Amino acid sequence: MQATSFHKGMQVKSEDVYEARDRCPVCLSQDERHACLRIQNDPVIEMLFCKACEACSASHMPKRELLDRYYSQYYSQAGNHVTFGNPDRFARHLSNVLKPRAVNLLRILDFGGGDASLAIALAQTFQASAGFQIPVAIDVVDYEKHREASTPNVVVNGHRDLDEVGGQYDVILASAILEHIPDAHATIRKLVGMAGPGAFMYARTPYVVPLARLVPMLDTTYPAHVHDMGSGFWNRFAATFDLRARLLLSRPSLVETTLRDNPVRTMLAQALKFPALAELWLSGQTRVPKWKLVGGWEVVLHFL
């Protein structure tokens, strides 16, 4: 059983990984982290919980050569290079929260966005709600450079590395990407450093460790996923990284599949997320829900 419909895990060898126990790769805390889940036995690889930021990260990180082999197979087999199966549904979901004010030019950074389908759908939704064609410039950064294209008033430029882009953005998307990056701290610092005043940042990450502890057969998709970031992590994210930002949305992530394309997976995912959603609704989104078996988490931050 896979934790995500986009990646599969694999058994790794000792020579393919390096030890990462000395400090939290997300917040850099050197406090001792305890094991919360064993991923494999030979070599022993565990998920370690950081009390400082509440992220879980792998005790051993995959080397670059292993990731190159893994993702070359993923991209050769994948059809549409997206992190969410229905970009239009994703855009409608986010447009209720993201309200950028740019008029002359709207800049969107789509980090890990594959072929930029999510960013394009969101840009077109912004244009429709504004009632006129706001010029939109999208920079999509992905392991494989997919697209440089244009649609009416939407220009897309593809990049392979975050260092290739810069300046300030109005909207930053990090959908299903941060969990893949061994040195998450440096990447997060770069991302938030490109958020302009009034910018919005959307992030979606797996939150599967609580579920995997109950369901040993669940594939956590290591070495693709090396971090697990849930409600506790995201609700203190601004404080952890000392940001002037307000959390507008923090909830179990939108289910990737639909009843039409995968009814069983969709109903199961919805059932698991419902108790946490109910807790948040009853508390007015003011606390971390006690129900942890949600599979994924999503947030929207508004930079002040």
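Summary of the structure given here. Please read these numbers as outputs of a predicted model, since none were measured by experiment.

### Quick word on the packing of aromatic side chains
Then, in step 1: For the structure on display, the rule yields seven aromatic pairs.
Then, in step 2: Centroid distance Phe90 to Tyr202: 5.4 Å. Interplanar angle 80 degrees. Geometry classified as edge-to-face. Taken as a pair, Phe90 in helix α2 (residues 87-95) and Tyr202 in strand β11 (residues 195-207) lie far apart in primary sequence, 112 residues in all. Considered together, Phe90 and Tyr202 belong to a single accessibility category, that of buried residues.
Then, in step 3: On the numbers, 4.9 Å between centres and 45 degrees between planes, the contact of Phe237 with Phe241 is tilted.
Then, in step 4: We classify Phe237 as buried; its relative accessible area is 1%.
Then, in step 5: Look at Phe241 and you get buried, because its relative accessible area is 1%.
Then, in step 6: One aromatic cluster is present, built from ring pairs that chain together Phe233, Trp234, Phe237 and Phe241.
Then, in step 7: Lying over the aromatic face of Tyr169, Arg107 brings its terminal NZ or CZ to 4.0 Å of the ring centre.

### Details of empty space enclosed by the protein
Then, in step 1: All told, the structure shown has one cavity of 30 Å³ or more when counted by the stated rule.
Then, in step 2: For the largest cavity, the full set of lining residues is Leu37, Ile39, Met47, Pro206, Val208, Val209, Thr220, His225, His227 and Asp228.
Then, in step 3: For the lining of the largest cavity, the secondary-structure elements that each account for two or more residues are β2 (34-41) and β12 (227-228).
Then, in step 4: Here the residues of the lining of the largest cavity are counted per class, giving six nonpolar, three polar and one charged.

### Quick word on unusual backbone geometry
Then, in step 1: Cis peptide bonds are those with omega within 30 degrees of zero, and the linkage from Asp42 to Pro43 qualifies with -5 degrees.
Then, in step 2: Note on placement: Pro43 falls in the loop between β2 and β3 (44-49).
Then, in step 3: For the peptide bond that leads from Tyr222 to Pro223, omega is 10 degrees, which places it in the cis range.
Then, in step 4: Summarising the element assignment, Pro223 is placed in the loop between α5 (209-214) and β12.
Then, in step 5: Phi is positive for Ala176, which is not a glycine, with a value near 55 degrees.
Then, in step 6: Exposure remark for Ala176: the relative accessible area of 18% places this residue in the buried category.
Then, in step 7: Backbone geometry places Asp242, a non-glycine residue, at a positive phi of 55 degrees.

Quick notes on the rules
- Residues numbered from 1 in each chain as written.
- Predicted model: local features only at pLDDT ≥ 70, side-chain atom pairs only at ≥ 80, totals over all residues.
- Heavy atoms only, no water.
- Phe/Tyr/Trp six-rings, centres within 6.5 Å; stacked < 30°, edge-to-face > 60°.
- Helix = DSSP H or I, 4+ residues; strand = E, 2+ residues; numbered from the N terminus.
- Buried < 20%, exposed > 50% of the residue type's maximum accessible area, 1.4 Å probe, protein only.
- Lys NZ or Arg CZ within 6 Å of the ring centre and 35° of its normal.
- 1 Å grid on protein atoms, 1.4 Å probe; cavity = no way out; pocket = protein on both sides within 12 Å on 5 of 7 lines; lining within 4 Å.
- Points joined across faces, edges and corners; volume = space filled by probe spheres on them.
- Nonpolar A, V, L, I, M, F, W, Y, C, P; charged D, E, K, R; others polar.

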